[in-house]
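Structural overview for review
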Amino acid sequence: IGERYPGCRLIRSTFDEAVGGFDDASIDLLHIDGLHTFEAVSHDFEEWRPKLAEQAVVLFHDTAMKQGDFGVWKLWAALQKEHLGFEFLHSHGLGVLAIGDPAGTAFGEILAFAENPKNLELLRVVCETAGATLAGRMERHKQTGRQDVEVPRAAVTPKTGKPGRNDPCPCGSGRKFKHCHGG
């Protein structure tokens, strides 16, 4: 990882074991995806909170899961009252939370864009479609053993930010957008 992403390293440990290895205010991006009970995810967030930079982003996995003892959604609801953020609803949900004032940052621009419900829906569709496209291509790659992956022509029109009706669907199905995810 360090060769490809200088300054990054892979740490295999629990959240509680790893937290001592980081300076306060040193983390710009934190992804919390551990034990999913309200108590556990609240503990993880509070334990790592001092490690977050003044302008940080925290990702919470499984914010849309409300079965059993899943409690990430409860913490997410409480944090949204205090912080700016938005939620992707696909794949069990992903909360994207701003810590501090994101004004003047790229993430602040995304948050401002997502304040409009139509823009938020567009952001969700584009990201869900991109994820489905990548997952589909990876699965085909695994099945065929091909080392190369075909890159389609631009699947998003600049004017609307989404595929045209007759464009190939970005999910990689090979079908027209109007007969797939645009229908």
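Please refer to the structure higher up on the page.
Here is a short report on the structure shown in this document. Think of each chain on its own: its residues are numbered from 1, step by step along the sequence as written. The predicted origin of the model limits local features to residues at a pLDDT of at least 70 and limits the giving and counting of side-chain atom pairs to 80 or more, whereas totals for whole chains, interfaces and linings rest on all residues. Each side-chain value is derived from all of the structure's non-hydrogen atoms; neither hydrogens nor water enter the calculation.

Some details on the pattern of salt bridges
Stated precisely, the cut-off is as follows: Salt-bridge detection follows one rule: a side-chain nitrogen of Lys or Arg within 4 Å of a carboxyl oxygen of Asp or Glu. Think of it this way: any DSSP run of H or I at least four residues long counts as a helix, any run of E at least two long counts as a strand, and we number them from the N terminus. Between buried and exposed lies partly exposed: a residue is buried under 20% and exposed over 50% of the maximum accessible area for its type, with that area taken using a 1.4 Å probe on protein chains only.
This model, assessed by the stated rule, comprises 2 salt bridges. Taking the shortest distance from any N to any O, the salt bridge between lysine 51 and aspartate 24 comes out at 3.1 Å. Of this pair, lysine 51 sits in the loop between helix H2 (38–48) and strand E2 (52–61) while aspartate 24 sits in the loop between helix H1 (15–18) and strand E1 (27–32), and the two are 27 residues apart along the sequence. Looking at lysine 51, the relative accessible area reads 13%, which means it is buried. In this structure, lysine 142 and glutamate 139 form a salt bridge, with 3.7 Å as the shortest nitrogen-oxygen distance. Of this pair, lysine 142 and glutamate 139 both sit in helix H5 (residues 117–144), 3 residues apart, roughly one helical turn. Taking relative accessible area as the criterion, lysine 142 reaches 63% and is therefore assigned exposed. Of the residues examined, glutamate 139 reaches a relative accessible area of 34% and is grouped as partly exposed.

Looking at the environment of valine 96
Within the secondary structure, valine 96 sits in strand E4 (residues 94–99). Linking valine 96 and valine 57, residues 39 residues apart in sequence, is a C-alpha distance of 6.8 Å.

Points about helix H3 (residues 72–80)
Filter applied, for reference: Picture the helix axis, draw a direction to every C-beta atom, and the arc is the one those directions span. By the convention used here, residues are in contact when the closest approach between their heavy atoms is within 4.5 Å.
Those residues of H3 lying buried are Val72, Leu75, Trp76 and Leu79. Taken around the axis of H3, the buried residues stretch over an arc of 100°, which confines them to a single face. At its buried positions, H3 is contacted by H2, E2, strand E3 (85–88) and E4.

A closer look at the sheet that holds E2
Selection rule: Each pair of strands is called paired provided DSSP finds at least two bridges between the two strands. Every axis in this analysis is a line fitted to C-alpha atoms, fitted for helices over the stretch in contact. Angles between the N-to-C directions lie between 0 and 180 degrees.
The strand order E1-E2-E4-E3 describes an open sheet built from 4 strands, whose pairing is mixed. Two strands bound the open sheet, and with one partner strand each, they are E1 and E3. Recorded for the sheet is a direction-independent mean angle of 15° between the axes of neighbouring strands. In this structure, E1 lies alongside E2, joined through 5 bridges in parallel fashion. Note on E2: the bridge partner recorded for leucine 30 is valine 58.

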